[in-house]
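# Residue-level structural notes
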Amino acid sequence: MSLNFVPPPTQKIDSEIASSLGVELYVLRLDLMHPWVNGNKWYKLKYNLAEAKEKGYTKLLTFGGAYSNHIFATAAAGKLLGFTTIGVIRGEETLPLNSTLSFALQQDMQLVYVDRQTYRNKHSSELHADLKKRFGEVFIIPEGGSNLNGVRGCLEIVTAAMQVFDTVCVACGTATTLAGIALALNPKQRVLGFPILKNGGFLAQDIDNLMQNYLATGLPAPYSSPAPWELICDYHFGGYAKVKDDLLLFSQQFTQTHGIPLDQVYTAKMFYGVMDLLNQGYFSIGDRLLLIHTGGLQGNTILDFKF
Ligand SMILES: *Cc1c(COP(=O)(O)O)cnc(C)c1O
């Protein structure tokens, strides 16, 4: 089961402020792996699709909001790998469809809209049973690909070449990606997670649970415990898909200066946070930082709509 991926390049960011402080900044460009199936969403899908295939399923069903990077990636990967896909979308259908959902439809994903109340039960076995009654033998992938299969895939974001970095920075929604990365780094490295939701501190418990469950299940891991990790909760800019002028300005300037596009929902907030911490003297001389570009660029049309 494979797609034609470009190995994600690591790119140096030439920043005067970083050099003056003796800090080195690099970006891992997961956004460049594939035109549609990229970013952390592929890593979270990979073992879910492998399990579906191994168990003989031909139909995938998953959940997401109307701008979901996960819906987009599942629709594309499903089409390319020969699965039928069903997307359970939060809220009412809004016409014309936005570009995320138009794309999903073009990939032959069947879109099913459920009200927000029902959507809240996205993890409940009753809802899953109802969906199976309605759609037959479907392999259900949780929203965002956020399960132990998802964690397993995210360990593979970390490569041997990444041993040279002291600190790895990543934007967090569910923090499944952070959990996978921290499980794969060596104990001398550390991960800084930047929640894009308000009051993101609650993720700490989720991260511990994911990591403990992962290690308890005996899934592949190079170390018996994760590398140190920390959440930095001050850069949510009001919460999910909320933006502020200074975030947009930063994102535009960053792209202009470094030629690296950022998505507004996740990576722009993390990059902003890292640059802000850098300016505050948070990092030490000699620190080598790797910022994970988790993709999500398909969602930039989100700004055309009001929240
Ligand atoms: C989904 C997503 C994230 C968050 O991943 P989690 O594993 O849920 O923390 C980060 N960046 C981008 C671009 C995403 O699409």
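Overview of the structure.

Calculation notes
Residues numbered from 1 in each chain as written. Predicted model: local features only at pLDDT ≥ 70, side-chain atom pairs only at ≥ 80, totals over all residues. Heavy atoms only, no water. Helix = DSSP H or I, 4+ residues; strand = E, 2+ residues; numbered from the N terminus. Buried < 20%, exposed > 50% of the residue type's maximum accessible area, 1.4 Å probe, protein only. Contact = heavy atoms within 4.5 Å. Salt bridge = Lys/Arg side-chain N within 4 Å of Asp/Glu carboxyl O. Core = buried A, V, L, I, M, F, W, Y, C linked by side-chain atoms within 4.5 Å. Domains from an automatic or database assignment. Polar contact = N/O pair within 3.5 Å; in protein donor to acceptor, adjacent residues only side chain to side chain. Pairing = 2+ DSSP bridges. Axes fitted to C-alpha atoms, helices over the stretch in contact; angles between N-to-C directions. Near = heavy atom within 4 Å. Areas by Shrake-Rupley, 256 points an atom, 1.4 Å probe, with all protein chains shown as cover. Nonpolar A, V, L, I, M, F, W, Y, C, P; charged D, E, K, R; others polar.

## A short note on the environment of A18
Along the chain, A18 turns up in helix α1 (residues 16–20). With relative accessibility at 2%, the residue A18 sits in the buried group. As a C-alpha pair, A18 and L278 span 260 residues in sequence and 7.1 Å in three-dimensional space. In this structure, A18 is in contact with V23, L25 and L278, ignoring residues within four places of it in sequence.

## Points about the pattern of salt bridges
Applying the stated criterion across every chain yields a total of 6 salt bridges. D31 is the salt-bridge partner of R29, the closest N and O atoms lying 2.8 Å from each other. Pair check on accessibility: R29 and D31 agree, each one buried.

## Some thoughts on the nonpolar core
Residues M162, L178, I181 and I292 are the most contacted members of the largest nonpolar core, which totals 48 residues. For this core, the element with the most residues is helix α8 (residues 176–184), which contributes 6 residues. Residue contributions to this core reach at least three from each of two domains, namely domain 1 (10–36 + 156–304) and domain 2 (41–145). Core analysis: the second largest hydrophobic core is formed by 32 residues, A171, F194, F271 and L277 among them.

## What about the environment of Q189?
As for its position among the elements, Q189 is in the loop between α8 and β8 (190–195). Note: C-alpha distance between Q189 and V168 (21 residues apart in sequence) is 7.8 Å. For Q189, the contacting residues outside a window of four places in its chain are M162, Q163, F165, D166, A227 and P228. Polar side-chain contacts of Q189 include one of 2.8 Å to the backbone oxygen of F165.

## Quick word on the sheet that holds strand β3 (residues 59–64)
With parallel pairing, the 4 strands of this open sheet are ordered in space as β5-β4-β3-β6. Strand pairing shows two members of the sheet lacking a second neighbour, β5 (110–114) and β6 (139–141), which therefore form its edges. Ignoring strand direction, the axes of neighbouring strands in this sheet form an average angle of 25 degrees. Running over the sheet, helix α3 (residues 69–81) touches β3, β4 (84–90) and β6 and is turned about 165 degrees from β3. Here helix α6 (residues 125–135) sits on the sheet and contacts β3, β4, β5 and β6; the angle it forms with β3, its principal contact strand, is near 135 degrees.

## Quick look at the sheet that holds strand β2 (residues 24–29)
One open sheet holds the 6 strands; their spatial order is β1-β2-β10-β7-β8-β9, and the pairing between them is mixed. Edge positions in the sheet fall to β1 (10–13) and β9 (229–231), since each has one partner strand and no second. This sheet shows a mean twist of 25 degrees between the axes of neighbouring strands, independent of strand direction. Strands in contact with α8 are β7 (167–172), β8, β9 and β10 (288–293); relative to β7, the strand with the most contacts, it is inclined by about 160 degrees. Along the sheet, helix α9 (residues 203–217) contacts β7, β8 and β9; its crossing angle with β9, the most-contacted strand, is approximately 150 degrees.

## Quick look at the environment of D245
For D245, the location among the structural elements is in helix α10 (residues 245–258). By relative accessible area, which is 67% here, D245 ends up exposed. The spacing of D245 and C172 is 73 residues in sequence and 21 Å in space, taken between C-alpha atoms.

## A word on the site of the ligand
Lining the immediate surroundings of the ligand are 15 residues, of which K41, N69, T174, T177 and T294 lie closest. Between the ligand and N69, the relevant distance is 2.7 Å, taken from an oxygen atom to a side-chain nitrogen or oxygen of the residue. Between the ligand and T177, the relevant distance is 2.6 Å, taken from an oxygen atom to a side-chain nitrogen or oxygen of the residue. Surface burial for the ligand is 97%, taken as the share of its 390 Å² of free accessible area covered by protein chains. The element contributing the most residues to the shell around the ligand is helix α2 (residues 40–54), with 3 residues. A breakdown of the residues in the shell around the ligand according to their chemical character gives 4 nonpolar, 9 polar and 2 charged. Looking at the shell around the ligand, you find at least three residues from each of domain 1 (10–36 + 156–304) and domain 2 (41–145).

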